[in-house]
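# Report on the structure
So you can see what is in the structure, the chains are spelled out below.
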Amino acid sequence: MILTVTLNAALDVTYGVDDLRPHTTHRVRTVRTRAGGKGVNVSRVLNALGHDTVVTGFVGGATGQAIRAELAEAGLAAELTEIQAESRRTVAVVSAGDATLFSEPGPAVTEAEWATFLARFTALAGQADLVVLSGSLPPGLPAGVYRELLDIVAGRVPTVLDADGEALRQGVAGNPTAVKPNAAELRAVTGVADPAAAARKLIDGGASAVLASGGPAGLLAITAAGSWRARPPRRLAGNPTGAGDACVAALAAGLAQEHSWPQILREAVALSAAAVLHPLAGSFDLAAYQGFLPTIMVEIG
Ligand SMILES: O=P(O)(O)OC[C@H]1O[C@](O)(CO)[C@@H](O)[C@H]1O
């Protein structure tokens, strides 16, 4: 079972508009609502690929109920901790083949709620074959919480961390098997502009491998066994929200199945590209994924 942690779960609203122009009124053409947050999206993709997966994290209020209901409707197993404050929403506005994301900060989590979650996480992590920690932290939780969760897993099973800023910096010291920052996050957390040099800093800090995503520039894997690079099949128009989560899903699935790094990179690039072609974060175009897979070239780099 692959356990995904979404500490700041959301109800993701996706608006389709003709043309996004700041400071003007927009008539929304399509509205889609589903449970989100990065770990939820990772589980949704894993589930679609046929992997056994469980979502954990916090939900609260009416928005939390809507998140629970949609997860159940989607057939995703969830072990969620109820909190007093209201879960957040995000709004992705999709127009002209790209997306603009508005992400609410999320609900405050109290110390008592964190303690309840920790007990649940410890039990779930004991049954998991791999643990994914993904997304922003809700207000009230210190930046060291991913490190705390990684210390509970203590290297018993592979772990994947997708975070940014201080949560990533501190999380790396918990020795995750892999981290997946994008190029901007990597630069911000290390202060180093070159992605390969910045990734090596995270390895020196405790991560075993770094997958650095650069959007159209492709994906770079820096590991103890070597470094590889793969590019997307072509420039793709669609909804890139959630493409990073599809990449994390491929990384988690590949590690769980002990695939080689070049194979993981190929799957991650194909799955992220196929996710851009699907209108909703957390889903991907299966036919496009199968079509892209044999075309992705992996270079040593
Ligand atoms: O936790 P955050 O970093 O704020 O990201 C959450 C958001 O990102 C997405 O997961 C896309 O990656 C959305 O579904 C949305 O919920």
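About the thresholds
- Residues numbered from 1 in each chain as written.
- Predicted model: local features only at pLDDT ≥ 70, side-chain atom pairs only at ≥ 80, totals over all residues.
- Heavy atoms only, no water.
- Helix = DSSP H or I, 4+ residues; strand = E, 2+ residues; numbered from the N terminus.
- Polar contact = N/O pair within 3.5 Å; in protein donor to acceptor, adjacent residues only side chain to side chain.
- Contact = heavy atoms within 4.5 Å.
- Near = heavy atom within 4 Å.
- Areas by Shrake-Rupley, 256 points an atom, 1.4 Å probe, with all protein chains shown as cover.
- Nonpolar A, V, L, I, M, F, W, Y, C, P; charged D, E, K, R; others polar.
- Pairing = 2+ DSSP bridges.
- Axes fitted to C-alpha atoms, helices over the stretch in contact; angles between N-to-C directions.

### Description of the side chain of Asn239
Its place among the elements puts Asn239 in the loop between strand S13 (226–230) and helix H8 (243–256). A polar side-chain atom of Asn239 sits 2.5 Å from a polar atom in the side chain of Thr241. One polar contact links the side chain of Asn239 to the main-chain carbonyl oxygen of Pro279, over a distance of 2.9 Å. Apart from the residues lying within four places of it in its own chain, the contact partners of Asn239 are Thr14, Val94, Ala99, Ala275, Val276, His278, Pro279, Leu280 and Ala281.

### Focus: the site of the ligand
Near the ligand there are 13 residues, and of these Asp12, Gly37, Arg88, Ser136 and Asp245 occur at the shortest range. One of the side-chain nitrogen or oxygen atoms of Asp12 is found 2.3 Å away from an oxygen atom of the ligand. For the ligand, whose unbound accessible area comes to 390 Å², protein coverage reaches 89%. Listed by contribution, the elements that provide at least two residues to the shell around the ligand are helix H1 (38–48) and strand S6 (88–95). When its residues are assigned to classes, the shell around the ligand shows no nonpolar, nine polar and four charged.

### Here's the deal with the sheet that holds S6
In spatial order, the strands read S3-S2-S6-S7; together these four strands make up an open sheet with mixed pairing. Only two strands of the sheet have a single partner each, and these edge strands are strand S3 (30–36) and strand S7 (98–103). Going across the sheet, the axis of each strand differs from the next one's by a mean of 20 degrees, ignoring polarity. Here S6 pairs with S7 via six bridges, running antiparallel.

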